[in-house]
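Tertiary structure, described
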Amino acid sequence: MTVHKISLALLLLIVLAACGGYSPPEPIELPGNSIERAAVLGLQTSYRDSTMWEIQKARVLSVTPAAPTAAVLQDYDPKELYCVCLEYEARYKVTWTTTDPSPWERTVRNLLVMKTQSDAFMAARPMNICAPLCE
């Protein structure tokens, strides 16, 4: 019985050593501002839908009011629109391989946040209202 326990412990050590280079993403703190919170949550949701990407260190660089287009008014009827510039780190990660994920890369992009008629804030695709990239 002790030989099996030693073998199991040795196998566990080998697996832990193989995974030693992996660092999980840092948790993202949500901002207190409703507009910024909606943008960060939208960013997390968009990356959560792709299991091959990880994000960390998301922070809002700027919030700019935006003017809606006729199509947005017809489809969504928002009270207010904002272009939110976010900076974060992203990396490509394939979960079923044994190689390390790619290095973290700084990414900056705009997200559209709208205030609905019920005063809720939600993130949406930029829909040609916000420039895809910001500084």
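Residues numbered from 1 in each chain as written. Predicted model: local features only at pLDDT ≥ 70, side-chain atom pairs only at ≥ 80, totals over all residues. Heavy atoms only, no water.

Describing the overall build of the chain
The number of helices and strands found in the chain is three helices and four strands. The N-to-C order of helical and strand elements in the chain reads α-α-β-α-β-β-β. In the chain, which comprises 135 residues, the share counted as buried stands at 33%. If you take every contact in the chain between residues at least 6 apart in sequence, the share linking residues at least 24 apart comes to 62%. Put simply, the chain shows about 9,000 Å² of open surface, and 58% of that area lies on carbon and sulfur atoms. (Helix = DSSP H or I, 4+ residues; strand = E, 2+ residues; numbered from the N terminus. Buried < 20%, exposed > 50% of the residue type's maximum accessible area, 1.4 Å probe, protein only. Contact = heavy atoms within 4.5 Å. Areas by Shrake-Rupley, 256 points an atom, 1.4 Å probe, with all protein chains shown as cover.)

Brief notes about the pattern of salt bridges
Scanning the entire structure with this criterion turns up nine salt bridges. For Lys79, the salt bridge is made with Asp119, and the minimal N-O distance between the two is 2.6 Å. Of this pair, Lys79 sits in the loop between α3 (70–75) and β2 (80–92) while Asp119 is found in the loop between β3 (105–115) and β4 (121–124), placing the two residues 40 residues apart along the sequence. A relative accessible area of 41% means that Lys79 is categorised as partly exposed. Ionic pairing is found between Glu87 and Arg106, a salt bridge with its closest N-O pair at 2.4 Å. With Glu87 in strand β2 and Arg106 in strand β3, this pair connects stretches of sequence that are 19 residues apart. Classification of Arg106 by relative accessible area gives exposed; the value is 57%. Salt bridges linked by common partners bring Lys79, Glu80, Lys115 and Asp119 together as one network. (Salt bridge = Lys/Arg side-chain N within 4 Å of Asp/Glu carboxyl O.)

A look at the packing of aromatic side chains
Under the definition given, this model contains three aromatic pairs. Consider the rings of Tyr47 and Trp53, whose centres lie 6.3 Å apart with planes at 75°: the pair is edge-to-face. Both rings, one in Trp53 and one in Tyr92, keep their centres 5.5 Å apart while their planes meet at 70°; by these two values the pair is edge-to-face. Pair noted here: Trp53 is in strand β1 (residues 53–66) and Tyr92 is in strand β2, with a separation of 39 residues, a long-range link. The exposure class assigned to Tyr92 is partly exposed, which follows from its relative accessible area of 37%. (Phe/Tyr/Trp six-rings, centres within 6.5 Å; stacked < 30°, edge-to-face > 60°.)

Brief notes about the sheet that holds β3
Strand order across the open sheet formed by four strands is β1-β2-β3-β4, with antiparallel pairing between neighbours. On the outer flanks of this sheet lie β1 and β4, each paired with one strand and no other. Strand-to-strand twist in this sheet, taken as the mean axis angle between neighbours without regard to direction, amounts to 35°. By the bridge criterion, 11 bridges tie β2 to β3 in an arrangement that is antiparallel. Within β3, the position partnered with Glu89 by the bridge is Arg106. (Pairing = 2+ DSSP bridges. Axes fitted to C-alpha atoms, helices over the stretch in contact; angles between N-to-C directions.)

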